[in-house]
Every structure is written in C-alpha cells, then in structure tokens.
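# Observations on chain architecture
These are the residues of each chain, in order.
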Amino acid sequence: MKKRLKRSEKEEILRIVAEENALEGTHYGSPLDGDAFLTVPSENDPEKLSAFAAAFQLGETKGGLSVTEVMLFTDRESRRKGLATRILQKLRKPDIVLKFAEYPSLSGDGFLQKAGAGHLYDELCMTLSLSERKAESEVLSETVGDPADGCRRFYSGHSELYVNRSGETAYLFGVRTDRAHMGKGHAKSLLSAVLCKLSQEGVTEVTLQVSGRNLPALRLYEALGFTVSEKLGMWYL
C-alpha cells in the first residue's frame, strides 16, 4: 500500500465514491484522509481507476489484534470481475482485523458477508429538527476547543458534550457522564439546555452518531426527539 496519491488518483477516488452515493443512495464521505491506499488502474485507461481501498489506523484493537478500518470501492463498470476479492486478499494479515462501515445499498449484493465478514452491530446516525425551545434552568458552562475546527465543549454538573457547527447544522459528540452519577438525568438536562442554546443561536438541525448496542443512550436521544436517519453496518474480517 502507498501513503501518497497522485492528483489523478485522488480525482478518480472521489469520482468512484460520488457515483456510488448517487446510484446506491448512500452517503459515504471522502476517503482521502486515509493513512494508506491500494489502487487498481483500469486496463483500458491507466489514468482511471477500476478499484481502490483506503486504510485508516484509529488505534482500535479487537481480541488483542490491531484493527484497520477499510473503505473499499469498485468502479461500476469493473464490478463482478473479482477486483474487490483480490484487494481483500492483499489486505488480510494474520495480525490485524479489518473493519468495514457499510451503508445499506439498493443493490444489496452482500459482498462482505460472502467474504466471511461478521456483522457485529449497527452505528446509527440520528437527527433532530430544532423547533423553538423554552429556556432551560440548567446552568451551562462552555469552553472553546481548537478555534480552527470550531469545537465547543459544554459541561454542567457531572456531564459534558462537544459540538461542531457547520452553518445551520450542529453535530454532537463525546456525550459523557461520570460513572458514579449515571442514570440520574444529568446528561438529559445538559442535552436539553444545549439544544435550547443552539436553537437560540440559529441552528435548525442537530445530528449525532451512536452505537445500536448502546440502549441507554438510544432511549435518551429518542426521548429528546432524535430519530434514526441513517444506519451503518459495522463488519469485521
């Protein structure tokens, strides 16, 4: 695998991902921030790609083995030629676990399942449309993180969370409550106050991501009005 891509390869990778999203109704992001790449040039045009894989090292382990997250795509015209299988064979090593995040697709060919990957859980994207909210009594404290990415940290009592904003949309992450104070409503009070503040600042939509296995968090977000907008299947091989 290589760590640097030519400009033409970057353009081809973005083209293949964009075509996948358009045809399958998925929302994959750009993989260009990957740590390493494997590319398969087209047999007919060496400037074009037939397939590629982007690998991400996130510091995760599973069963004592290092986990590498992979985004693997094949050009539409090059499907059913075994390219994805060949890439998997090159990526698989005895000392690593491969992880894939896959949206449900319209074609639903089940490639990962056929390759022997196991589906462990779903990562859920949840969305809330903000309406006018009443002011909350919760006293909020806030710190600003890296000004370059606009990250904001809110905390109150025994809970904290982080917010990134882009236009009228805000992304919540890092929601956490001190273990000794879980189940006492601290996170719900903080979330309610933050949602009220964001609404007052002109935010119209709030999104977050949560594991489908985290039932307490799911119940909390649903109680606040969040609904599942997208689902990512997490597969391990």
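Here the structure is shown first, and the text comes after it.
Residues numbered from 1 in each chain as written. Predicted model: local features only at pLDDT ≥ 70, side-chain atom pairs only at ≥ 80, totals over all residues. Heavy atoms only, no water.

## Focus: helix H5 (residues 215–223)
Among all positions of H5, only Ala 217, Leu 218, Leu 220 and Tyr 221 are buried. With its buried residues spanning 160° around the axis, H5 presents them on a single face. Exposed residues pointing more than 90 degrees away from the buried face of H5 are listed as Pro 216, Arg 219 and Ala 223. Where H5 is buried, its residues touch strand E5 (118–129), strand E9 (169–177), helix H4 (186–200) and strand E10 (205–211). Following H5 by one or two positions, Gly 225 has its phi on the positive side, about 105°. (Buried < 20%, exposed > 50% of the residue type's maximum accessible area, 1.4 Å probe, protein only. Helix = DSSP H or I, 4+ residues; strand = E, 2+ residues; numbered from the N terminus. Arc of directions from axis to C-beta. Contact = heavy atoms within 4.5 Å.)

## Quick look at the side chain of Thr 177
Within the secondary structure layout, Thr 177 lies in strand E9. Using a relative accessible area of 13% as the deciding quantity, one classes Thr 177 as buried. Of note is the side chain of Thr 177, whose polar atom sits 2.7 Å from the side chain of Ser 159. When sequence neighbours within four positions are dropped, the list of residues in contact with Thr 177 reads His 158, Ser 159, Met 182, His 186 and Ala 187. (Polar contact = N/O pair within 3.5 Å; in protein donor to acceptor, adjacent residues only side chain to side chain.)

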